[in-house]
Amino acid sequence: MKVFKFGGGILNSADAVKKIPAIIGKYPGEPLVIVVSALGKTTNALEELVRAGFDKTGEQKELLAKIAGYHQNITSGLFSNHSHPVFREIQEYWNNLEKASENITDTSYSKYYDQLICFGELISSRIVSHVLVESGIPNRWIDIRGILKTDSSYRDANVDWKTSAQLAENELKPFLENQSVPRPIIVTQGFIGSDQQGFSTSLGREGSDYTASILANLLNA
């Protein structure tokens with residue numbers, strides 16, 4: 001079993017994302033976990049949205065449109081059929097992100113930050129999952145927030161190793177070790193997790209490398 005991590009620095013265009021299936025194709029039959037960062041500079045752009053929303057500058061709609069447009073360009077370069085399910089799924093994320101950006105009642109900046117910043121990885125991993133399927137590589141998309149549990153130290157969360165290990169054992173290993181699946185592949189997100197209350201958390205900037213290491217440890221990869 002291997003764990004791959006694809007960072008946003010190289011996933012900054014449709015052509016870049018198209019390279020992933022060829023890389024994965026070099027490991028036929030082997031169980032894989034693919035950890036994906038947000039595309040390009042999306043995290044930076046989301047941080048601008050966080051600041052605008054928390055400070056109530058009135059720039060949220062403009063910033064959100066800019067982020068959505070960037071993803072639309074990449075997604076359109078990957079999927080010629082605009083009725084493909086990926087477009088509907090991503091639109092749902094934009095709708096949820098807009099709602100989350102307006103929900104700033106009685107919350108700290110760090111907590112508000114984590115409820116918005118997670119959308120970068122959620123969207124990018126959805127795109128990568130669909131790209132793999134289109135290339136003939138079936139996979140299971142997993143929301144890592146259901147596996148990687150942390151404390152509530154928003155923006156710099158500490159991993160709850162015991163709970164995360166148990167969830168990985170129950171939710172990930174059975175699929176990855178299933179002999180009836182020709183090539184079990186999981187696509188998930190780096191950088192993010194969730195606390196015991198179900199709120200999104202993040203592991204600190206550049207946390208996707210850390211996520212990949214955590215999963216490699218939990219899965220004996």
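Whatever comes next refers back to the structure up there.
Here's what I pulled together on the structure shown here.

Cut-offs and rules
Residue positions are given per chain, counted from 1 along the sequence in the order it is written. Totals for whole chains, interfaces and linings use every residue, but because this is a predicted model, local features are given only for residues with pLDDT of at least 70 and side-chain atom pairs only at 80 or more, for both listing and counting. Values reported for side chains reflect all heavy atoms of the structure, with hydrogen atoms and water molecules removed beforehand. Helix and strand definitions here come from DSSP, where helices need a minimum of 4 consecutive H or I residues and strands a minimum of 2 consecutive E residues; each element is numbered from the N-terminal end. Burial classification: accessible surface area is computed with a 1.4 Å probe over protein chains only, and a residue below 20% of its type maximum counts as buried, one above 50% as exposed, and the rest as partly exposed. By the convention used here, residues are in contact when the closest approach between their heavy atoms is within 4.5 Å. Any pair of N or O atoms that falls within 3.5 Å is considered a polar contact. Within protein, one atom must be able to donate a hydrogen and the other to accept it, and sequence-neighbouring residues count only if both atoms are side-chain atoms. Salt bridges are defined by distance alone: a side-chain nitrogen of Lys or Arg within 4 Å of a carboxyl oxygen of Asp or Glu.

The next thing to look at is the environment of S202. Its place among the elements puts S202 in strand 6 (residues 200-202). Under the relative-accessibility criterion, S202 is labelled buried at 1%. Discounting residues that sit within four places of it in the chain, S202 has contacts with Y113, D114, I117, R155, D156, A157, F191 and I192. A polar atom in the side chain of S202 sits 2.6 Å from the side chain of D114.

Under the definition given, this model contains eight salt bridges. A salt bridge links K2 to E30, with the shortest nitrogen-to-oxygen separation between them at 3.0 Å. Within this pair, whereas K2 is found in strand 1 (residues 2-6), its partner E30 is found in the loop between helix 2 (20-24) and strand 2 (32-36), the two being separated by 28 residues in sequence. Its relative accessible area of 21% is what places E30 among the partly exposed residues. A salt bridge links R205 to E47; the shortest N-O distance between them is 2.9 Å. Here R205 is found in the loop between strand 6 and helix 9 (207-218), whereas its partner E47 is found in helix 3 (residues 42-55), with 158 residues between them in sequence. Exposure remark for R205: the relative accessible area of 42% places this residue in the partly exposed category.

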